[in-house]
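If you want the building blocks of each chain, they are given just below.
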Amino acid sequence: MAGKMVFSCTICRKSAGNDLRFMSSWWNHVEPAPKDPILGVTEAFLADTSPNKVNVGVGAYRDDKGKPVVLECVRQAERRISGNEKMEYLPMGGSVKMVEETLKLAYGENSDLIKDKRIAGVQALSGTGACRLFADFQKRFRPESQIYIPTPTWANHLNIWRDAQVPQRTFHYYHPESRGLDFAALMDDVKNAPNGSFFLLHACAHNPTGVDPSEEQWKEISYQFKAKNHFAFFDMAYQGFASGDPERDARAIRIFLEDGHMIGCAQSYAKNMGLYGQRVGCLSIVCEDEKQAVAVKSQLQQIARPMYSNPPVHGALLVSTILSDPDLKKLWLKEVKVMADRIIGMRTALRESLEKLGSPLSWEHITNQIGMFCYSGMSPEQVDRLTQEFHIYMTRNGRISMAGVTTGNVGYLANAIHEVSFVGGQKLYLAIKVTSLFSFL
Amino acid sequence: MTGTSPAVSPLDSVAFRRISAVSRHLGHRSEMDSQDQSLSLSKTAGHGFSVFESINQAPEDPILGVTVAYNKDPSPVKLNLGVGAYRTEEGKPLVLNVVKQAEQLLINDGSRVKEYLPITGLADFNKLSATLILGADSPAILEKRVATVQGLSGTGSLRVGAEFLTRHYYNRTIYIPLPTWGNHPKVFTIAGLSVKTYRYYDPATRGLDFQGLLEDLGLAPSGAVVLLHACAHNPTGVDPTPEQWEQIRQLIRSKGFLPFFDSAYQGFASGSLDTDAQSVRMFVADGGELFAAQSYAKNMGLYGERVGALSVVCKSAAVAGRVESQLKLVIRPMYSNPPLHGASIVAKILGDRNLFNEWTVELKAMADRIISMRKQLYDALCSRGTPGDWSHIIKQIGMFTFTGLNTEQVAFMTKEYHIYMTSDGRISMAGLSSRTVPHLADAIHAAVTRFA
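- Taking an unreviewed UniProt entry as the reference, chain B is identified by name as Aspartate aminotransferase belonging to Amborella trichopoda.
- Database annotation for chain B, UniProt heading Catalytic activity (unreviewed entry): "L-aspartate + 2-oxoglutarate = oxaloacetate + L-glutamate".

- The name an unreviewed UniProt entry gives chain A is Aspartate aminotransferase, with Amborella trichopoda as the organism.
- In its Subunit (unreviewed entry) section, the UniProt entry covering chain A states "Homodimer."
- Taken directly from UniProt, the Catalytic activity (unreviewed entry) text for chain A runs: "L-aspartate + 2-oxoglutarate = oxaloacetate + L-glutamate".

Take a look at the structure:
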């Protein structure tokens, strides 16, 4: 159809080289794209004029007044670098200093892998960019491979590996009945996958469910991975945010490293340093030796070059300034703990509010789950009701961003959830009973 | 074509070889092997080979690799004329005053946060960028039929545009000028376009091969995408005249080609923002559609901040809206949303009359300094009686001069005079100063007389 359009256009064009106003567009056939399921929520929220509206959609931290937060350590770092900052091109692999500090966070301050220079590390455009670099790299150097993705996962993971043209398979993860981990099915999937498969794992604070394996479970998963010679790719977007302690949140990765796995890892500073819009992250791949790490890094740079040439400098400077200064680093660790603690506090508050409302449903998953998100278990229809009747915005999979919950809105939120999840149900139950009574008569 | 031969690889360096040899002699490898064995929990565990075992070292990027090599050179007279980054007379990088001011304003504004930008980037930035390239009175803007997205400088904007074309345009061939920026073919190829060339540079005249251009595009199939450098062609510095642009426009429109402009030097070429945008505006004026990628790396000195934009001029506002929605689908799985800092600075400057005016003054000063360097180099070569016609140095425009030196001559200049440039003989005039022009002139003279 486009071809036909062009044919007639060619005829017009030959005679109207100077005035093309009456020709049709090349892009008439372009469909409007569906809104991004996550980012579209905030758009809708912003357009809502209700004074009661609550945004528990996108995973961006809010303080107890519902305001975005710029960390004090970030403000200080920014004042320090302003004026001095040279805005020259970074190397294709980004800021070496930033990458060094970032690897220490994931792999440990005294990691032998770092000492032995066995890690190929490059700065990336936050977590998305790191995952995309890896996916493109996987496609290029292991073209026959697929990626096993947990069910469910962050929606954009599917887009990333799809655009990289890496075929996807899923593995069991979330257990809806218990609202916890479907460990037995997960292990089955790991065992049944062909040897040497590539798996995407959330290092901590699984998005969207908030359900993480226990330390024991991680150990079993790692053991099974070793037996099957699987490749583990960790997406770690919430280090520090889950428990409040970055070392603790890296435990899954450390278990795998102790077992000798040569992993890949995406890291993001969007949440734990509040640097969302600066797009700062890191992709690392553990290699056999330094020579291979150099080779792998050079190939990652080849992927970055035709995508953006070299990564943005500002955010990387903030990160390296903070992490290489002991006082600023200490301040950062303190501020991360404050954020994590507030979220843990809100989990408790939400659960208690629901229980106080007399909900007979079980809400312990709210405090069992960890990190920014809570997988409430609500259906898309219930979510729609929350939005339409209560002006509460979240993604339709029932994922609540706990970061959007405050002491000011937790009561309202609990009430609304109670309404749509139970009270509505209760009314429906009674209505059925009454109707059946009448039909009997 | 630019940059086909790789520069020095770090693995070739003597130091690296020494270290590797020493570590092997110290039994480093066997220690690591036993470490692997002791840590594996099971006899059936994997043998510890990496899944990326067979990966080879990639060659250095031909352009960015020049700086890598330059950095390694200990010579006190070394000169980096490789990558196109502006330098002052003192050879220092330059942060524009308006940029410093804008940054201070941003820092002092306590209400500012670092939240995610929308996928399409900072809205003000997008509007102002479209206005900058298309003109405030552009009919396309007034009729709201421009879809603009913030991109990762020029590279990122080109890539997003190319990915969109592969998905939505029926003709997947793009014609690029010969030569062009070394990264162009990589960007388009990886996005899935098939890259062909059209003649552009005439080595005999060191100017535009206009007949060749018209012939090659004349033979190209209708509907192909055609890449055009809006001004200050990289690497040659050779631009069509306004009359030649008009002929190019007619040819492109009559063959139904889709023009894709790369505008990386607006304001840098002539010193005037409007003059340097004339080629793009000419194409908008005829009512047709086009793509335009912009970069603020050079003209605002924001290199490392990765600030740019992609504008798609469409027939109607409705189409532009749909195009924008599809551009988002390209961006989201690549990096979700673009970086905030650089775009905020640009929006601040473009949106404030005083800052904007100051910027135009600083921009003109940079352009003028480069024009002065051209004159000085030309004069220096004339006064040395260097064989050959060097007038192209002052005829070419923008940051780069295509010297016409061959790879042998270039290699000689690097080895003997510690002058670094891309192997196609392209030099960045921005890297010169009055102090270093004589050294360069000496080197060129020696190279040309030695390797005629």
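Next, the rest of the story.
**Here we look at the nonpolar core**
Piece 1. Counting residues in each nonpolar core, the largest one holds 202 residues, and the members touching the most others are Trp-27 and Trp-161 of chain A together with Trp-359, Leu-377, Met-413 and Leu-440 of chain B.
Piece 2. It is helix H15 (residues 353-384) of chain B that contributes the most residues to this core, nine residues altogether.
Piece 3. Beyond its immediate stretch of four places on either side in the chain, Trp-27 of chain A contacts Phe-164, Leu-165, His-168, Tyr-169, Leu-258, Glu-289, Phe-291, Val-312, Cys-314, Val-319, Arg-322 and Val-323 of chain B.

**Quick word on the domain arrangement of chain A**
All names here are of chain A.
Piece 1. Splitting chain A by domain gives domain 1 (37-69 + 341-440) and domain 2 (90-324).
Piece 2. On a C-alpha basis, the centres of domain 1 and domain 2 stand 31 Å from each other.
Piece 3. With 20 residues of domain 1 in contact, the opposing surface of domain 2 contributes 18 residues.
Piece 4. On the domain 1 side of the contact with domain 2, Ile-370, Phe-373 and Tyr-375 bury the most area, a combined 36% of that side's loss.
Piece 5. Linking domain 1 to domain 2 there are zero salt bridges.
Piece 6. Counting across the interface, domain 1 meets domain 2 through four residue pairs in polar contact (both at pLDDT 80 or more).
Piece 7. Here the side of domain 1 that touches domain 2 is composed, by residue class, of eleven nonpolar, eight polar and one charged.

**Focus: the pattern of salt bridges**
Piece 1. Under the counting rule described, the total for this entry stands at 37 salt bridges over all chains.
Piece 2. Asp-341 of chain A is the partner of Lys-337 of chain A in a salt bridge, and the nearest nitrogen-oxygen pair spans 2.8 Å. Of the two residues, Lys-337 of chain A and Asp-341 of chain A both sit in helix H14 (residues 326-356), four residues apart, roughly one turn of that helix.
Piece 3. A single salt-bridge network, built from bridges that share partners, covers Arg-162 and Asp-163 of chain A together with Arg-159, Glu-163 and Arg-167 of chain B.

**Comments concerning the environment of Asp-182 of chain A**
Residue and element names in this part refer to chain A.
Piece 1. Counting through the fold element by element, Asp-182 comes out in the loop between strand E6 (180-181) and helix H8 (183-192).
Piece 2. In this structure the C-alpha to C-alpha distance between Asp-182 and Gly-40, which are 142 residues apart in sequence, comes to 30 Å.
Piece 3. When near neighbours in sequence (up to four residues on either side) are disregarded, Asp-182 contacts His-172, Tyr-173, Tyr-174 and His-175.

Reading the values: rules and limits
- Residues numbered from 1 in each chain as written.
- Chains lettered and ligands numbered in written order.
- Predicted model: local features only at pLDDT ≥ 70, side-chain atom pairs only at ≥ 80, totals over all residues.
- Heavy atoms only, no water.
- UniProt positions renumbered as here; feature names shortened; annotations may be inferred.
- Core = buried A, V, L, I, M, F, W, Y, C linked by side-chain atoms within 4.5 Å.
- Buried < 20%, exposed > 50% of the residue type's maximum accessible area, 1.4 Å probe, protein only.
- Helix = DSSP H or I, 4+ residues; strand = E, 2+ residues; numbered from the N terminus.
- Contact = heavy atoms within 4.5 Å.
- Domains from an automatic or database assignment.
- Buried area = accessible area lost by both parts, 1.4 Å probe.
- Salt bridge = Lys/Arg side-chain N within 4 Å of Asp/Glu carboxyl O.
- Polar contact = N/O pair within 3.5 Å; in protein donor to acceptor, adjacent residues only side chain to side chain.
- Nonpolar A, V, L, I, M, F, W, Y, C, P; charged D, E, K, R; others polar.

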